[in-house]
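Breakdown of the fold
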Amino acid sequence: MARFIFRKTQRLVDNSHFRRVLEDRSCAGNDLFRLYVSGNDCGHPRFGVSIGKKAGNAVRRNRLKRLAREVFRLEQHNIAPDYDYLLIFSLKKSKNNITSNRSDGPNFEILKSSFVRMSQKAVEKWRRNTHLRQTENL
RNA sequence: UGAGUGGGUCAGGUGGUCGCCGGCUUUAAUGUGCCGGAGGAAAGUCCGAGCAGGACAGGGCACGGUGGCAGUUAACGGCUGCCCCGGGUGACCGGCGGGAAAGUGCCGCAGAAAAUAUACGGCCGAUGGUUCCUUCGGGGACACAGGUAAAGGUGAAAUGGUGCGGUAAGAGCGCACCGCGAUGGUGGUAACAUCAUCGGCAUGGUAAACCCCACCGCCUGCAAGACCAAGCAGCUGUCAGCCCGGCCCGGGCAAUGACAGCGGGUAGGUUGCUUCCCUUUAUGGGAGAGCUGGCUGGCGACAGUCGGUCCAGUUAAAUGGCCACCACCUUGCGGAAGUGAGGUACAGAACUCGGCUUAUCGACCCACUCAGUUU
RNA sequence: UGGGGUAUAGUGUAACGGCAGCACGACAGACUCUGAAUCUGUUUGUCUAGGUUCGAAUCCUAGUACCCCAG
């Protein structure tokens, strides 16, 4: 039975971590968010969230972050390991979505289902990017 | 019963399960067990403090703030009670509410005039003067001397108001009432109220215009400050001093240093930091504008005293997800029982307190006012 | 987190407490075969709510939005 823990070692903690993930430029997104992906050598996936000020007030942003972390916690064994995941809630689209249904209940389900799909997409993209980069270097 | 006024409390609840942060215990360690884990506004950062640093934190000026009186407090621009003014039938509400005879400024348009009591305009011409008539008593005209401040369409505001008398015309010129001022008495700690006498009224408004008066205020802020680790490269200019970051006084520091500019390096950790100290490890003692309950004093804010208690501590930043039941609200179906769907505000600690202000679905409680009905 | 500032027409900006302007734009008309340019005219505004004042864009109080600075 797999465990569903989420500790500090599984988080992106430093500004340099965030920089590195963003500089790889491998992302996939939908109406709600964009997911950036980058490889690591920790032996487990790591996760970070970024929510802009336009997503709402502090309570709303906090709630989005907690939902995202919960999704990662439950789905961490269904996604590719050895990668860093950075979830960025995009401004206009997510704003509309949130203001239209304020319940956040179905929002959680949507997040959960789309997170895995996007992670797969982004990882594929990352592999392609790194392959291209290697060939360019050669 | 209806309408309303003021104040207060709460901020859905319970259980299960998967997680997160901190403390203690135990372990080599992951972990296990127990306990604790957002708010009334945590917000805005509008005030006041603690705490830290800036010479040893001191004086004056400048600058800024406050502004009825008394009290309360660690302190305040907060709060409490009272006074005055304005509003409401009333409970009650609102008020940056000192000084305009210290000085300066401003008062557009309109209006004769906007701060100087006088010109303009007006009225009269009793008393003088000139002149005409005359029955010689006097009567008329002129507007010359002069007397007046009532009327003058305005305006936010016009030199006390209204009424009666008075007069040549008038006028606080006289009187009555109202307003204003002075003096004195009474009540009150005081703001002030009230009564009596006198003055006939003498100088409009604006100080959220400058200003004056009284009182208060050094400056900067936990990203303050302290310590550890890592790392680099110094150079130039100015001053003989530099610091107290507006100026002066007074004070302190240094004798190769201070300041300024350019360039380089690091952008990690611990602490401050969660009631605080002391001894010692026992559930010890002391101190705490801390929280809470009782009693006493006070109209009240609050104070005193006795007992209980110690209540989040993160740092890309913990307090969440799911399930079940119940409570309340809206709504669909239904005769009803019931059942389906949706919802349960504002909002998230970042050094800590005391206020203020702003946001807020609702629910409940207390006191009071007005109107109507019944007894 | 702390400190400071701004808000005026669609945009950029003026205005001692006394009628809220200017430029660009937009719209309409003229000129032209048509358009551009030019000329003429019109349009729209003091961030919000209270207060002081006879009278507030301006003064005071409270809020809202945005911007800048320090580290």
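Since this is a predicted model, take the numbers as computed values, not measurements.

Thresholds applied
Position numbers for residues count from 1 along each chain, tracking the sequence in the order it is written. The lettering of chains begins at A and the numbering of ligands begins at 1, in the order of writing. Confidence filtering applies because this is a predicted model: local features only for residues at pLDDT of at least 70, side-chain atom pairs given and counted only at 80 or more, and all residues used for totals across whole chains, interfaces and linings. Heavy atoms throughout the structure, all of them, feed into the side-chain values; hydrogens and water do not. Any two strands are treated as partners once DSSP identifies two or more bridges connecting them. For the purposes of this entry, the term helix denotes a DSSP run of H or I that reaches at least four residues, the term strand denotes a run of E that reaches at least two, and both are numbered from the N terminus. Under this scheme, a helix contributes an axis fitted over its contacting stretch, all axes are lines through C-alpha atoms, and angles between N-to-C directions fall in the 0 to 180 degree range. Two residues form a contact once any of their heavy atoms are found within 4.5 Å. Residues belong to a common nonpolar core when they are buried Ala, Val, Leu, Ile, Met, Phe, Trp, Tyr or Cys residues joined through side-chain atoms within 4.5 Å. Exposed residues in this analysis have more than 50% of their type's maximum accessible area, buried residues have under 20%, and partly exposed residues fall in between, with area computed by a 1.4 Å probe over protein chains only.

**Side note on the sheet that holds strand β3 (residues 46-51)**
On the basis of which strands lie adjacent, the open sheet formed by four strands has the order β1-β2-β4-β3 and mixed pairing. Strand pairing shows two members of the sheet lacking a second neighbour, β1 (27-29) and β3, which therefore form its edges. Going from strand to strand, the sheet's axes swing by 20° on average, the running direction of each strand aside. Both β3 and strand β4 (residues 83-89) contribute to a ladder of six bridges, which runs parallel. Looking at the pairing, serine 50 lines up with isoleucine 88 of β4. Lying on the sheet, helix α1 (residues 15-24) is in contact with β2 (33-39), β3 and β4; it crosses β2 at an angle near 100°.

**Looking at the nonpolar core**
Counting 25 residues, the largest nonpolar core has Phe33, Phe47 and Tyr85 as the members making the most contacts within it. At the level of elements, β2, α2 (58-75), β4 and α4 (105-137) are the ones that each hand at least two residues to this core. For this core, the leading source of residues is α4, giving seven residues. Other than its neighbours up to four places away in sequence, phenylalanine 47 contacts Phe6, Gln10, Arg11, Leu12, Ala68, Arg69, Phe72, Tyr85, Leu87 and Phe115. With six residues, the next largest nonpolar core counts Leu12, Val21, Tyr36 and Ile88 among its residues.

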